[in-house]
Amino acid sequence: MTTSIATVGAILSVVAGIMNGVFALPMRFLGRWEWENVWLPYILVACLIMPAAVVYFTVSAPMAILAASPLSAVIGALVCGSLWGFGAIMFGQAVSAVGISLTNTIALAISASLGSLLPMLILNPTSLTTKHGALVLAGTAIAIAGMVVSGVAGRLREKNHLALDKVENEGEGTLVGRRRPMRVGMMLCIGAGILSAVFNIGFSLAQPIIAAGISAGHAASDGTNLVWLLLLGSGGIVNVIFCVYLLMNNHSGQKFLLPELTRLVVSTILMGLFWGGAIFVYGEASTRLGSLGPALGWPLFLTTGLLVSNICGIFTGEWRSTAANTKWWMGWGLAVLAVAILVLGEAGAM
């Protein structure tokens, strides 16, 4: 692997992170819908329609590749994808419960640490003692520190519920869903972080599927796209079942008949395209980052996403009317995250 290829991989990880950082923004303007009305079309696009379409147009013999792959890799992808599906539900519920910034910070801090270290141990444990492995670990540690600092800022902001409600009422719309007690929101964030890491672990366990595709004469990206179909498809089914249950239980299906249906549907489709697209770009980046692709690309992907989501939060008014010390914490958090991106980018270029 040449340096230029690895550099492209690092750049693609950043691009994927940017897409990941902006995907949830439409949720701030979908308050006329219930959570399940938003989440169902988003999941259908991001986890079922897009992966199936990508595989259909890019992989000539998907069943042959799966047949040549170890059964353990296929089952690992399906199981990890299903577990991630529950994490995606927790993430979506947490965004409604405590806000985009705090949810992203806590969930991504946990996911970045577990999702980087465990794949490294799975794929190449000896790399921990190399300069490259040490740089990956250092970048991940800096990223987690930045997320913790950003989390402090988010927690300070969330304490002032009156100011936060005022900000949301002044905006163009309200955040979809409903708020919950902070302890419930925190549990949802933690659960989302742990199960989000399982997603990258599943990607690591499914690497033999990519190898099988290469052996059959396919490009590495073909096998990667097939892995995403397994991971996202199994997780997507879990989310669809949960959304259908909520639609029936809450009698919220009638909200699909609102006069603003076109605007609401387009917004959720954009969510799905941005997030689903981010995953496929991340997969393309991982194939260019060598044997430690999932271990290196994942924290770079998540750190960039958190940095961008917090910057978006600033521009959309999430931090308006907050105290100066809260903004100070967030400023330092963003600065540390920027350093983490530079360190992980350097690791990718090695």
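What counts as what
- Residues numbered from 1 in each chain as written.
- Predicted model: local features only at pLDDT ≥ 70, side-chain atom pairs only at ≥ 80, totals over all residues.
- Heavy atoms only, no water.
- Axes fitted to C-alpha atoms, helices over the stretch in contact; angles between N-to-C directions.
- Helix = DSSP H or I, 4+ residues; strand = E, 2+ residues; numbered from the N terminus.
- Parallel < 35°, antiparallel > 145°, perpendicular 65-115°, else oblique.
- Left-handed = near helix turned anticlockwise from the far one by under 90°.
- Contact = heavy atoms within 4.5 Å.
- Core = buried A, V, L, I, M, F, W, Y, C linked by side-chain atoms within 4.5 Å.
- Buried < 20%, exposed > 50% of the residue type's maximum accessible area, 1.4 Å probe, protein only.

The N-to-C vectors of helix 10 (residues 220-250) and helix 11 (residues 261-286) enclose an angle of 140°; their axes lie 9 Å apart at closest approach. On the basis of their axis angle, the class for helix 10 and helix 11 is oblique. Considering only the axes of helix 10 and helix 11, their crossing is right-handed. On helix 11, the residues touching Ser221, Thr224, Asn225, Trp228 and Leu232 of helix 10 are Trp275, Ile279, Phe280, Tyr282, Gly283 and Glu284.

Contact geometry of helix 9 (residues 207-215) with helix 10 gives a least axis separation of 8 Å together with a crossing angle of 140°. Considering the angle they form, helix 9 stands oblique to helix 10. Crossing geometry of helix 9 relative to helix 10 is assigned as right-handed. The segment helix 9 lies against helix 10, with Ile209, Ile210 and Ile214 engaging Ala220, Gly223, Thr224, Leu226, Val227 and Leu230.

So, about the nonpolar core. Ile209, Trp228, Leu232 and Trp275 are the most contacted members of the largest nonpolar core, which has 70 residues in total. Per element, the largest residue contribution to this core is eleven residues, and it comes from helix 10. Those residues in contact with Ile209, other than ones at most four positions away along the chain, are Ile65, Leu66, Ser69, Ala73, Val74, Gly223, Leu226, Val227 and Leu230.

Everything listed here is a matter of coordinates, which is why it stays silent on function.
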